[in-house]
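Coordinates in review
Next come the chains, spelled out residue by residue.
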Amino acid sequence: MKKWLFLAGCTLSMGVCAQNSPYINKVYEYAPAPGQFVNVMPEVTPEDTETTVLQKVQTAIAGKANGSLVSLGAWGGYIVVGFDHPVNNLPEEVDLKIYGNAMLNASEPGVVMVAQDANANGLPDDAWYELKGSEHDNELTLTDYQVVYHRPASDHLPTPHPTQNQVSDLCYIQWEAANGEKGYLEKNTFHTQDYFPLWIKEDTIVRRGTRLPNNTIDKNGDGTYYATGTYEWGYADNQPNGKDASCVDIDWAVDENGDKTHLSAIDFVKVYTGVLQSNGWTGECSTEIAGIVDLHALKSDHNHTIYNMYIKQMNDNIYIYAEAPATFVLYDMLGNKVCEEDLQAGENTLKIPAHRKGIFIACIYANHQIHSTQKIHIF
Ligand SMILES: [Ca+2]
Ligand SMILES: [Ca+2]
Ligand SMILES: [Ca+2]
Ligand SMILES: [Ca+2]
């Protein structure tokens, strides 16, 4: 039997060294604001407690580059994670890559903060530094913003949108900011669960941080098409995972006064939803996280798994994303090698060999071992 027959349809992965894992090692806190994916990503039941929810989030994103999505809810909702080693700030290099689910016209920028374990107690109870992203100096960016979200009353009656059927409640979750601004998170028909975190006993949630400018406009003015802008750099869940701009540099750290601060290494990362905006049927802007990678540990870990990888085809090209250099080999269904190409870390574009259509087995090799195989239909 040909080799590829053993491999078809399965994904193999190699072991990861126990020390200096490139991936998140621990989730310390998960404190979302209300949102359309809250209680769903991860799935929460009324029996869950803060501890069991934290365990679910840990399972979703720790120990892997691009795990299951965790939603931070509306503006200010946050997560705090750490690594099993200090993440170095290498000069002139981005240091961390943050995985989300941003796509073209689906950017939900999250502000990134970092901290050193300055008191060496292993806990993220130290000074936080915001990473200055592309909108830091935008005059519409508000710092020291604070919002209170209110749980809907038990006898709350929805106010459906008069013309937009998919907006089931215009006044679902009321919020007000310390500067007097106020509004509502709307509810939509695609997400019918409670948007307020089920495990929180209090009726209000307070969140603080930097509020980035709104990034979405109602293009037609009637709620039919929301055009979402992508910020240039420096945020989570803003640029697609395959883009370099989904990475951040510890050198962008600023202190609470906005002054640049040099940190040689960091131990903890905090990400919170940076935009406070409700966009009709598409729901509120809410950052999602699927993992964070120490890019330097990834490079030095010669035995690491290329967890994050995709193969897709469009017209005459195959696009392959690999997290580290690898080799791509395409076999036909008789096991004959059709092509072999070296892959760079990041997205690679390969031309489909002329006149080759049909079903193929795509294999990715790294360190002379098969990392994964996938059946692909080229048409
Ligand atoms: Ca750096
Ligand atoms: Ca500490
Ligand atoms: Ca979202
Ligand atoms: Ca998202």
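Here we summarise the structure given alongside this text. (Residues numbered from 1 in each chain as written. Chains lettered and ligands numbered in written order. Predicted model: local features only at pLDDT ≥ 70, side-chain atom pairs only at ≥ 80, totals over all residues.)

1. Brief notes about the sheet that holds strand β13 (residues 247-248)
Pairing in this open sheet of three strands is antiparallel, and the strands run β13-β4-β17 from one edge to the other. The outermost strands of the open sheet, each flanked by one partner alone, are β13 and β17 (291-294). Bridging between strand β4 (residues 96-99) and β13 involves two bridges; their strand directions are antiparallel. When the bridges of β13 are listed, K97 appears paired with C247. (Pairing = 2+ DSSP bridges. Helix = DSSP H or I, 4+ residues; strand = E, 2+ residues; numbered from the N terminus.)

2. Comments concerning the sheet that holds strand β3 (residues 78-88)
Taken in spatial order, the six strands of this open sheet run β1-β3-β15-β5-β6-β14, and their pairing is antiparallel. With partners counted over all chains shown, the strands left at the sheet margins are β1 (26-31) and β14 (253-254), one partner each. In this structure, strand β6 (residues 128-131) lies alongside β14, joined through two bridges in antiparallel fashion. Bridging across to β14, E130 finds its partner in V254.

3. With respect to the environment of I378
Structurally, I378 can be placed in strand β24 (residues 369-378). As a C-alpha pair, I378 and I352 span 26 residues in sequence and 8.4 Å in three-dimensional space. Not counting residues within four places of it along the chain, the set of residues in contact with I378 comprises Q313, I352, R356, K357, G358 and F360. (Contact = placed C-beta atoms within 7 Å.)

4. A word on helix α2 (residues 50-61)
In this model, α2 (12 residues) spans 17 Å end to end at C-alpha, consistent with the 16 Å of a helix rising 1.5 Å per residue. Residues V53, L54, V57, Q58, A60 and I61 constitute the buried set of α2. For α2, the angular spread of buried residues about the axis comes to 160°, placing them on one side. With respect to the buried face of α2, the exposed residues turned more than 90 degrees away are T51 and T52. Looking at the packing, one finds that the buried side of α2 touches β1, β2 (70-71), β16 (288-289) and β17. Phi turns positive one or two residues past the end of α2, at G63, with a value near 75°. (Expected span 1.5 Å × (residues − 1). Buried ≥ 20, exposed ≤ 12 C-beta atoms within 10 Å, placed from the backbone. Arc of directions from axis to C-beta.)

5. A look at the pairing of strand β5 (residues 110-115)
Successive side chains on a regular strand alternate, one facing one side of the sheet and the next facing the other. With six of its six residues buried, β5 lies for the most part within the structure. On β5, burial covers both faces: G110, V112 and V114 on one face and V111, M113 and A115 on the other are all buried. Pairing of β5 with strand β15 (residues 265-273) involves six bridges; the strand directions are antiparallel. Bridged to V114 within β15 is V269. Of the strand pairs in this sheet, β5 and β6 are connected by three bridges, and their pairing is antiparallel. Among the inter-strand pairings, M113 is bridged to a residue of β6, identified as E130.

6. Quick word on the environment of K260
By the element assignment, K260 lies in the loop between β14 and β15. On the basis of neighbour count, K260 is assigned to the exposed category, with 11 C-beta atoms found within 10 Å. Separated by 128 residues in the primary sequence, K260 and K132 have C-alpha atoms spaced 8.7 Å apart.

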